[in-house]
Amino acid sequence: MLRTIRILAVLLAVLLGGVWAYAWVTRAPGEGLGEAFAARLGQIFGGQMPVPGAGGVQLPQGMALGGAFSLVDQARQPVTEKDYAGRWMLIYFGYSYCPDVCPTELGTMAAALDAMGKAGEAVTPVFITIDPQRDTPAALADYVSRFHPRLQGLTGTPEQIAEVARRYRVYYARAQRPDMTDYLMDHSSFIYLVGPDARVRSLFRPELRPEDIAATIAAQMGVRLGGPVPVGAGGPG
Ligand code: NI
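In this text, all values refer to a predicted model and were calculated from it rather than measured experimentally.

S.K.: So what's going on with the sheet that holds strand β9 (residues 200–204)? Which residues, and what values?
M.R.: Reading across from one edge, β2-β1-β5-β4-β3-β8-β9 is the order of the seven strands in this open sheet, with mixed pairing throughout. With one partner strand each, in any of the chains shown, β2 (78–80) and β9 form the two edges of the open sheet. The average undirected angle you get between the axes of adjacent strands in this sheet is 35°. The pairing of strand β3 (residues 88–94) with strand β8 (residues 191–194) spans four bridges and is classified as antiparallel. By the bridge assignment, M89 is partnered in β8 with V194. The strands touched by helix α3 (residues 101–115) are β3, β4 (123–129) and β8; relative to β3, the strand with the most contacts, the crossing angle is about 170°. Each of β1 (70–73), β4 and β5 (152–155) touches helix α4 (residues 137–144); the most contacted strand, β5, lies at about 155° to it.

S.K.: Lay out the nonpolar core in plain terms, naming residues and giving numbers.
M.R.: Membership of the largest hydrophobic core comes to 49 residues, with the highest contact counts inside it found for L90, I91, F93, I128, Y168, Y192 and I217. At six residues, the largest contribution of residues to this core is made by β3. Not counting residues up to four positions away in its chain, the partners in contact with L90 are M109, L113, V123, T124, P125, V126, I191, Y192, L193, F204 and I217.

The rules behind each value
Counting of residues starts from 1 at the beginning of each chain's written sequence and follows it residue by residue. Thresholds applied to this predicted model are a pLDDT of at least 70 for local features of residues and 80 or more for the giving and counting of side-chain atom pairs; totals over whole chains, interfaces and linings are not thresholded and use all residues. Processing note: side-chain calculations cover all non-hydrogen atoms of the structure and skip hydrogens and water entirely. When DSSP finds at least two bridges between two strands, those strands are taken to pair. The secondary structure listing takes helices from DSSP runs of H or I that are at least 4 residues long and strands from runs of E that are at least 2 residues long, numbered from the N terminus. Fitted lines through C-alpha atoms give the axes, limited to the stretch in contact for helices. The angle between two N-to-C directions lies from 0 to 180 degrees. For this analysis, residues touch if any pair of their heavy atoms sits within 4.5 Å. We define a nonpolar core as any set of buried Ala, Val, Leu, Ile, Met, Phe, Trp, Tyr and Cys residues linked to one another through side-chain atoms lying within 4.5 Å. The cut-offs for exposure are 20% and 50% of the maximum accessible area for each residue type, with area from a 1.4 Å probe on protein chains only; residues under the lower value are buried, those over the upper are exposed, and the others partly exposed.

See the structure below:
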């Protein structure tokens, strides 16, 4: 994970440095370097959308995350973003063999939805695997049931997974450790709040508290959370 963060930081620095240089060279007479930089970033990431509200991470100006996907759910049914149209989603990308980060973040997602009480029912939690080779629909059905009764597990062909990862700018790569027979996956770890229009509204970095995530989701949805949910209300356990 640390290695992944370091690689990502270097890649980001190189990318932003390149855009800065490009903005320096191509800026119009009288255009400030800062303005030119923001404009070029917008061009590169496509679109001129306003910056979405971000709970924890500010998206660069003009960066549009999310959009169309074509995958298969844990019941082997094909699904696309249209199946979730008009609904809110909380999406996490990971893999079921993950020894640490994925279970923690999926637990956080479930706790955040539970913390929202009744309002949380309007949000569909979704786990998209970046390890389709091992995460078959059957494997995902077993895995997602451990975290939340409504958690959807999505997989697909390697090409379909690569496409959805590209749209959400998810980094993932196979990693083999000499002392292990099974391979691991390096991957970025953010929880995505997706609005009814299939666009990302907020990104949650790892290790946020479920209550803070719940509060940001409620603010984005424009709903007020009630008081604490009474013990024993709704659902088993
Ligand atoms: Ni993981």
